Amino acid sequence: MRTSQRTEAATVTEPAPNLWPSRAARAKLHFVSGKGGVGKSTLSAALAIALASSGRRVLLVEVEGRQSIAHLFDMPPLPYAETKVASAANGGEVWALAIDVESAILEYFEMFYNLGFAAKAMRAVGAVDFITTVAPGLDDVVLTGKIYEIATRTQNSGKRSALGKPPKSGTSCYDAIVVDAPPTGRVDSFLGAAAALKEIAKGGPVYRHAENVSSVLRSTDTVVHLATILEALPVQETVEAVSVIQKIGVGLGAALVNRSPAQYLTQEQIEAAVQGSVDANSLSKGFDAIGLDLAEEDFAGLITETIDHAVTQARQQEQARILAGLDLPQLPLPLLAEGVDLGALYELAERLTQMGVR
């Protein structure tokens, strides 16, 4: 694996508050959605490590075919099989599954229509692509169905329960499942696909399967976390996603606020700097006190950067206030100046555990 100069734990000067909501603490299925570009996949991986750090076995699932898990954990592309990708504290394990939609759809046809024998022929003629084109939403039905199958699989049998029936008793194969879900723009169709199929099917094994999937997604076992950053468009999408997710009846967990900046200025200094006022004399005296001699041009540049920083922080504070109005716990995660590598995942996971993630 790629080496990193980071420490594997975030340096925190004071204890972080416990922000993990009780519903998330009880849940087994954790979906993570968010606007593209906010670090949704990175936070999904960090969440999986954090949940595993109490000694649990956690499965990290991706559904968009981007092999983001392999990239984050510095591994070759994952096969369509559950694969161990990381260890965590206290003997915890993170496993991963990159769901291949074509293979999952063929499994679905075998499950309900006994078409397993035709899989090779269907692949050869491109039938799966044709089917998903003429039946939009089928891929989401299959993806959520596969996640349901894993969530209800038990160690007693190692297999899913009978079609359309609740799973048999036994210990689950995974203590928690984290799904790197589609972005907020289509998370409603993804999570609502099984319920929509149930309305169409009306009866039979397909109906019963869709009913079971929909029931699990709307149960206390499932929460959706929303990844965001403190910028206007991501926050607006988060606000809209909260409304949509509540409407389809799936529980909300927390807002994972990525790239949250450290605040180096007091609130009074921020408000003054936004108005273009910086106490240059005090700043100059402070530099003199520590023996730092700046050229006049450099000092002027520093003043400009201070004002720019204050303006940015004021805008981020406004977005944070909008998020606060959602009654959704906010878990702030730091901006990692060195970028994201394996060490960064552990750093973010440590920060999550400090905020109560178990």
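Since this is a predicted model, take the numbers as computed values, not measurements. (Residues numbered from 1 in each chain as written. Predicted model: local features only at pLDDT ≥ 70, side-chain atom pairs only at ≥ 80, totals over all residues. Heavy atoms only, no water.)

Here we take up the pairing of strand β3 (residues 83-87). Both β3 and strand β4 (residues 93-98) contribute to a ladder of 4 bridges, which runs antiparallel. Looking at the pairing, S87 lines up with E93 of β4. Hairpin geometry of β3 and β4 is characterised by an intervening segment of 5 residues between the two adjacent antiparallel strands and by a positive phi of about 60° at N90. (Pairing = 2+ DSSP bridges. Helix = DSSP H or I, 4+ residues; strand = E, 2+ residues; numbered from the N terminus.)

Looking now at the packing of helix α2 (residues 40-52) against helix α15 (residues 342-354). Running from N to C, α2 and α15 cross one another at 60°; their axes reach a closest spacing of 8 Å. Judged by the inter-axis angle, α2 sits oblique to α15. The way α2 lies across α15 gives a crossing that is right-handed. Contact residues: α2 offers T42, L43, A45, A46, L47, I49 and A50, while α15 offers L345, Y346, L348, A349, L352 and T353. The residue makeup of the contact of α2 with α15, split by class, is 11 nonpolar, 2 polar and no charged. (Axes fitted to C-alpha atoms, helices over the stretch in contact; angles between N-to-C directions. Parallel < 35°, antiparallel > 145°, perpendicular 65-115°, else oblique. Left-handed = near helix turned anticlockwise from the far one by under 90°. Contact = heavy atoms within 4.5 Å. Nonpolar A, V, L, I, M, F, W, Y, C, P; charged D, E, K, R; others polar.)

Another point: the pattern of salt bridges. Scanning the model with the defined rule gives 13 salt bridges in all. In this structure, R66 and E64 form a salt bridge, with 3.5 Å as the shortest nitrogen-oxygen distance. Using a relative accessible area of 30% as the deciding quantity, one classes E64 as partly exposed. With a closest N to O distance of 3.0 Å, E149 and R153 form a salt bridge. You'll find E149 and R153 in the same group, each marked buried. Several salt bridges share partner residues, and in doing so they unite E82, E107, K146, E149 and R153 into one network. (Salt bridge = Lys/Arg side-chain N within 4 Å of Asp/Glu carboxyl O. Buried < 20%, exposed > 50% of the residue type's maximum accessible area, 1.4 Å probe, protein only.)

Tracing the sequence through the fold places D140 in helix α7 (residues 138-152). Assessed through its relative accessible area of 4%, D140 is described here as buried. Ignoring sequence-local partners within four residues, the contact set of D140 consists of R186, S189, F190 and A193.

Once that is clear, we can look at the layout of surface pockets. Using a probe with the size of a water molecule, rolled over the atoms, empty space left in the structure can be pinpointed. The volume enclosed by the second largest pocket comes to roughly 280 Å³. L265, E268, Q269, A272, A273, S277, V278, D279, S282, L283, L302 and T306 are the residues that line the second largest pocket. Listing elements by their share of the lining of the second largest pocket, those giving two or more residues are α12 (267-274), α13 (280-289) and α14 (296-324). For the lining of the second largest pocket, the per-class residue count stands at 6 nonpolar, 4 polar and 2 charged. (1 Å grid on protein atoms, 1.4 Å probe; cavity = no way out; pocket = protein on both sides within 12 Å on 5 of 7 lines; lining within 4 Å. Points joined across faces, edges and corners; volume = space filled by probe spheres on them.)

Our next topic: the environment of A48. Tracing the backbone shows A48 in helix α2. Sequence separation between A48 and A176 is 128 residues; the distance between their C-alpha atoms is 8.2 Å. Other than its neighbours up to four places away in sequence, A48 contacts V58, L60, V94 and V178.

It is generally the case that most residues other than glycine have a negative phi and that most peptide bonds are trans. Residue Q67 is not a glycine yet carries a positive backbone phi of 55°. For Q67, the position within the fold is in the loop between β2 (57-62) and α3 (68-72). Unusually for a residue other than glycine, D74 sits at a positive phi of about 55°. Secondary-structure assignment places D74 in the loop between α3 and β3.

Turning to the nonpolar core, a few remarks are in order. Residues F31, I147, I177 and V179 are the most contacted members of the largest nonpolar core, which totals 51 residues. Ranked by residue count, the leading element in this core is α7, at 8 residues. Apart from residues lying up to four places away in sequence, I147 is in contact with L29, F31, V61, V63, I99, V179 and F190. By size, the runner-up hydrophobic cluster in this structure holds 44 residues, among which are L43, V178, Y346 and V357. (Core = buried A, V, L, I, M, F, W, Y, C linked by side-chain atoms within 4.5 Å.)

When the pLDDT values of the protein chain are averaged, the result is 86; 84% of them are 70 or greater. Across residues 158-169 the pLDDT falls below 50, and counting only partners more than four positions away or on other chains, this stretch makes 23 contacts in the model. (pLDDT = per-residue confidence, 0-100.)

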